Amino acid sequence: MPRSKKFRRARLIVIVLVVLLVAGVGYGGYRGVTAVRASFPEVDGSVKVAGLSAPVDVKRDANGIPQLYADTAEDLFRAQGYVQAQDRFWEMDVRRHITAGRLSEMFGDGQVDTDAFIRTMGWRQVAQKEFDTKLSPETKKYLQAYSDGVNAWLAEHPGGEKASLEYALLGVVNSGYKPEQWTPVDSVAWLKAMAWNLSGNLQEEVDRSLLAQDFGPDKIAELYPEYPYSRNGTIVKTGTVSGDTYRPADGSTPSGAAPGSATAQGAATTKALMQGLTDRIDAMPQLLGRPGQGIGSNSWVVAGSHTTTGKPLLANDPHLGPGLPSVWYQMGLHCRTASPACQFDVSGFTFAGMPGVVIGHNKDIAWGFTNLGADVTDLYLEKVTGPDTYQVDGKDVKFDLRKETIKVAGGEDRTITVRTTQTGAPLISDQSTEQQNVGRYAPNGSSAPDRGTGGYGVALQWTALSPGKTMDAVFELDRARNWDDFRSAAKDFAVPAQNLIYADAKNIGYQAPGVIPVRGKGDGSMPAPGWDPTYQWKPDPVPFTALPWSLNPSSGYIVTANQAVVDQGYKYSLTKDWEYGTRAKEITDQIEGLLKNNGKISPDDMQNLQLDNTSIMAKTLVPLLLKQQIDDPYVREAQDLLKDWNYHQDADSAAAAYYNGVWRNLLGLAFGQKFPADIRAKDNCLLVRQQDDPTKPDSSSRIVTQCGTRDPGKAQPDGGDRWTEVVRAQLDKPDSSWWTYIDSQHKEQKGLDNLLKEAMKNARQDLTSLLGKDVSTWSWGRLHKLELREQTLGTDDSSIASGVVHKLLNRGPYRLSGGSAAVDAAGWNAAAGYQVDWIPSMRMVVDLNDLDSSRWVNVGGASGHAFNDNYNDQTDLWLKGKLLTWAFTPDAVEKATKHKLVLATG
């Protein structure tokens, strides 16, 4: 619905208000700056906090990172809620509206479709069930204490008054909005957002279906090649599963007792069906980055026998979408005196709005996460036979129905009907306001039921839509003392399924946790026929006792970087869509090289390895590019940049800029030209050869102009890890049909050599238009830029903020080294451009010999207040690959303390 004049006028007021706030023009500017500063947290002195049984000390260092000291666990988490609200309440408030499907209450009708999609999945309802039926009484007590702390802060800022600049902006266009009291379920629901963004291969499942419009199974298989087990290896050597108990291949044992393909109908999903679903997925808020493939991470741990310190070293850098405020929040939680009633002495990274620490270390152990990438989502085509019925095994069965009312700021309420199958899978293809015949164009397979007038619906089966105990696991990790405690915590870590690495003073280890489904028929790679019950999930997931683990492997190190966990000999299927192991192999090779050359690995080595920006694919492709005979001196001048290149993607490298330009054009010529518009970037218009009958390879064809329709950040070919494997396989086939393309003269050309020359020529032209004619002035960083954008106000098209406001709240652009498949994973989408889409969202190196010598850095800062000194004060360090000293012990924290606030009893 178009914005009203009131909203457009309010936008102009917002622009003027912010300009006054920041520019400080006259008296209004002075008042504005004063108002902004009034929202900053108190960091010195004393404030009363209702509910505390004894005072809590909040010690902040120069970067505003808080370390909390309390006498009881409940006081500790009550204080955590208060302090996080000081720094990040606006962000917390927006996040809970996302997970509850209530963004429209804050921002108006532009968010209705997003709310409807999240309401359909029912994140909030699942979180409520988790709190009511799954979580331990102790966890509930901690969650309530955290909520009480948030609400104690909120009582000092009724209605968001003086809470942050964003509430002032919101008040201009939505003066009736008042923040509600925080609840424990608000914290639990954030786990659903984490799980959504790390949910495995849902996007790949959709893309395969869309590709099936134009390509047969053999061609699609070439675009999703098998994982290169022999070249890139697995996280652990595949052990055996006997009686649902996993036994590692290297003979390691725990230190104590272990804690308790689709049919033709699915493959033929059409543009009308899946494009609507893709649009809905694209509209989801991406506070953690884009979901599925491309979201990766690095972690590795080295045994003390291989380190200069004599104790294990552990490194982690999760790759997530960039933004401000920072995704992560650094914090320390300390019981002044350890006791059965207060067992926490932990420091690390967590999320604003969630109690505890998610990644980090306590006084005994350290741990890190990377995305396991397990296939925990499946799409099912459903034969809808009526408003409340669908077909299973030839019989009509009832949907579970519920009504959801979406309140809209400045507009009328919207009511939607959510239909859920008997297996608990919501029909996500339904429109936000009424049922839609999304499958009216879907072709029938030979044994599919007739689609009728309503067409097929699409239902989502997802492990995160069943209540779990992940919040229990967070607190269990925080107070774990040894390997057995760590594994016991991992058992409760339901979603998102992660690779967990471990270290204590004497041991290193790995555990794969998570609820991972066991399928009937099908492998989860394509939408399955919901009318056939043999394709449904088995009642019980993969048993935790059967999931892979390793303790003190003979190699003396463990690397997880989203590669395959185990090989095909493992009893259960975890996924068909692993990342392809490029980063993992590079990390492994670097560790092996350090051990061979130096004998030992130092903390500096761990930190430097996180900055490895080598392009592994360039080592294969550049020699082929240099062999090409280029007649045009204009192009040859750019080709010469590659002659002495060391394959490092440094921000100041001209060779890296040209290579990545060639890589982007190669992908566009070989694959982008042939892909359906549904998966190509919006406004990416190409000359393509269109067959009159795609089902007949020899049918006549013609060249047409075709523009893509997908959100650029999720378009294909994105150039990531999978595409290096696709191209690598095709390089052995110089006459492959993928090397046929339409050149700039609108003529069809064939062959690898011709395509490489065309890609080099096009890259020279592209970079000239972007960087100038003089190749000596080129640099990768001038193309490969990062902008840290304020995320919570939304985009310019669907928010309370204008482009002017965002420019004032955003930071950057920054010139970055690295690349999509590099260890320093500054990812970019080759189908859309060179801008950075995902980054190492934090970096840490834990030294188990001296925890005070550990190091960490956040991409932004501790504060969520845009003009606070700690809003993005760590960004420059992060850009340079530097880490902050990570004080942990009481003496080290006291020495680093710059501000001390006492939270007194109310």
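Residues numbered from 1 in each chain as written. Predicted model: local features only at pLDDT ≥ 70, side-chain atom pairs only at ≥ 80, totals over all residues. Heavy atoms only, no water.

Chemist: Now, about the side chain of Thr389: what can you tell me, with residues and values included?
Modeler: Here Thr389 lies in strand 13 (residues 389–392). For Thr389, the side chain forms a polar contact with the side chain of Thr385, separated by 2.7 Å. Once residues within four sequence positions are removed from consideration, Thr389 is found in contact with Val384, Asp396, Val397, Lys398 and Phe399. (Helix = DSSP H or I, 4+ residues; strand = E, 2+ residues; numbered from the N terminus. Polar contact = N/O pair within 3.5 Å; in protein donor to acceptor, adjacent residues only side chain to side chain. Contact = heavy atoms within 4.5 Å.)

Chemist: Tell me about the state of the cysteines, and please be specific about residues and values.
Modeler: Scanning the entire structure with this criterion turns up 2 disulfides. Here Cys335 connects covalently by a disulfide to Cys342, the sulfurs 2.0 Å from one another. One quick way to see it: the torsion about the S-S bond of Cys335 and Cys342 is about -85°, and its sign makes the bridge left-handed. Classification of Cys335 by relative accessible area gives buried; the value is 9%. Among the residues examined, Cys342 registers a relative accessible area of 0% and is labelled buried. Disulfide pairing places Cys685 opposite Cys707 at an S-S distance of 1.8 Å. Disulfide Cys685-Cys707: torsion about the S-S bond near 100°, hence right-handed. With Cys685 in strand 23 (residues 685–691) and Cys707 in strand 24 (residues 701–707), this pair connects stretches of sequence that are 22 residues apart. Residue Cys685 is classed as partly exposed on the basis of its relative accessible area, which comes to 39%. (Disulfide = S-S within 2.5 Å. Buried < 20%, exposed > 50% of the residue type's maximum accessible area, 1.4 Å probe, protein only.)

Chemist: For the packing of helix 19 (residues 616–627) against helix 21 (residues 654–670), give the residues involved together with the corresponding values.
Modeler: In contact at an axis separation of 11 Å, helix 19 and helix 21 are set at 85° when each is read in the N-to-C sense. Considering the angle they form, helix 19 stands roughly perpendicular to helix 21. In this structure, helix 19 contributes Met617, Ala618, Leu621, Val622 and Leu625 to the contact, and helix 21 contributes Tyr659, Val662, Trp663 and Leu666. (Axes fitted to C-alpha atoms, helices over the stretch in contact; angles between N-to-C directions. Parallel < 35°, antiparallel > 145°, perpendicular 65-115°, else oblique.)

Chemist: Describe the nonpolar core, and please don't skip the residues or the numbers.
Modeler: Residues Trp462, Tyr570, Tyr658, Tyr659, Phe671 and Leu903 are the most contacted members of the largest nonpolar core, which totals 236 residues. Beyond its immediate sequence surroundings of up to four residues, Leu903 is in contact with Val47, Val49, Leu52, Ala54, Pro55, Val56, Val58, Ala79, Tyr82 and Val83. (Core = buried A, V, L, I, M, F, W, Y, C linked by side-chain atoms within 4.5 Å.)

Chemist: So what's going on with the pairing of strand 2 (residues 56–60)? Which residues, and what values?
Modeler: Taking burial as the measure, the 5 residues of strand 2 include 5 buried ones, the bulk of the element. Alternating residues of strand 2 divide into Val56, Val58 and Arg60 and Asp57 and Lys59, and every residue in both groups is buried. Sheet analysis places strand 2 next to strand 34 (residues 899–905), joined by 5 bridges and oriented antiparallel. The residue of strand 34 that forms the bridge with Asp57 is Val902. By the bridge criterion, 4 bridges tie strand 2 to strand 3 (residues 66–70) in an arrangement that is antiparallel. Across the sheet, Arg60 pairs through a bridge with Pro66, a residue of strand 3. Here strand 2 folds back onto strand 3 in antiparallel fashion, the turn holding 5 residues, of which Gly64 has a positive phi close to 75°. (Pairing = 2+ DSSP bridges.)

Chemist: So what about unusual backbone geometry? Which residues, and what values?
Modeler: Note the cis peptide between Leu324 and Pro325, where omega equals -5°. For Pro325, the position within the fold is in the loop between strand 7 (313–320) and strand 8 (329–335). Cis rather than trans, the peptide bond between Gly812 and Pro813 has omega equal to 5°. Considering the arrangement of structural elements, one finds Pro813 in strand 28 (residues 811–815).

Chemist: Lay out the packing of aromatic side chains with the relevant residues and their values.
Modeler: Enumeration over the complete set of coordinates arrives at 43 aromatic pairs. Relative to Phe475, the ring of Tyr142 lies with its centre 5.1 Å away and its plane at 65°, an arrangement referred to as edge-to-face. Taken as a pair, Tyr142 and Phe475 share a single burial class, namely buried. Members of the aromatic cluster, each reached through a chain of ring pairs, are Trp190, Trp328, Phe349, Phe351, Trp856 and Trp886. Directly above the ring of Trp190 sits Arg95, whose terminal nitrogen or CZ lies 4.2 Å from the centroid. In this arrangement the basic side chain of Lys140 is found over the ring face of Phe131, its NZ or CZ atom lying 5.4 Å from the centre. (Phe/Tyr/Trp six-rings, centres within 6.5 Å; stacked < 30°, edge-to-face > 60°. Lys NZ or Arg CZ within 6 Å of the ring centre and 35° of its normal.)

Chemist: Summarise the pattern of salt bridges; cite the residues concerned and give the values.
Modeler: All told, the structure shown has 40 salt bridges when counted by the stated rule. The salt bridge partner of Arg855 is Asp604, with a shortest N-O separation of 2.8 Å. Linking Arg855 in strand 32 (residues 855–858) with Asp604 in helix 18 (residues 603–609), this pair joins segments that are 251 residues apart in sequence. Assessed through its relative accessible area of 44%, Asp604 is described here as partly exposed. Here Asp824 ties to Arg843 by a salt bridge, and the two come within 3.3 Å at their closest N and O atoms. Of this pair, Asp824 sits in the loop between strand 28 and strand 29 (827–828) while Arg843 sits in strand 31 (residues 842–847), and the two are 19 residues apart along the sequence. By the burial criterion, Asp824 is buried, and Arg843 matches it. Via salt bridges that share partners, Asp93, Arg96, Arg124 and Asp186 belong to a single interconnected network. (Salt bridge = Lys/Arg side-chain N within 4 Å of Asp/Glu carboxyl O.)

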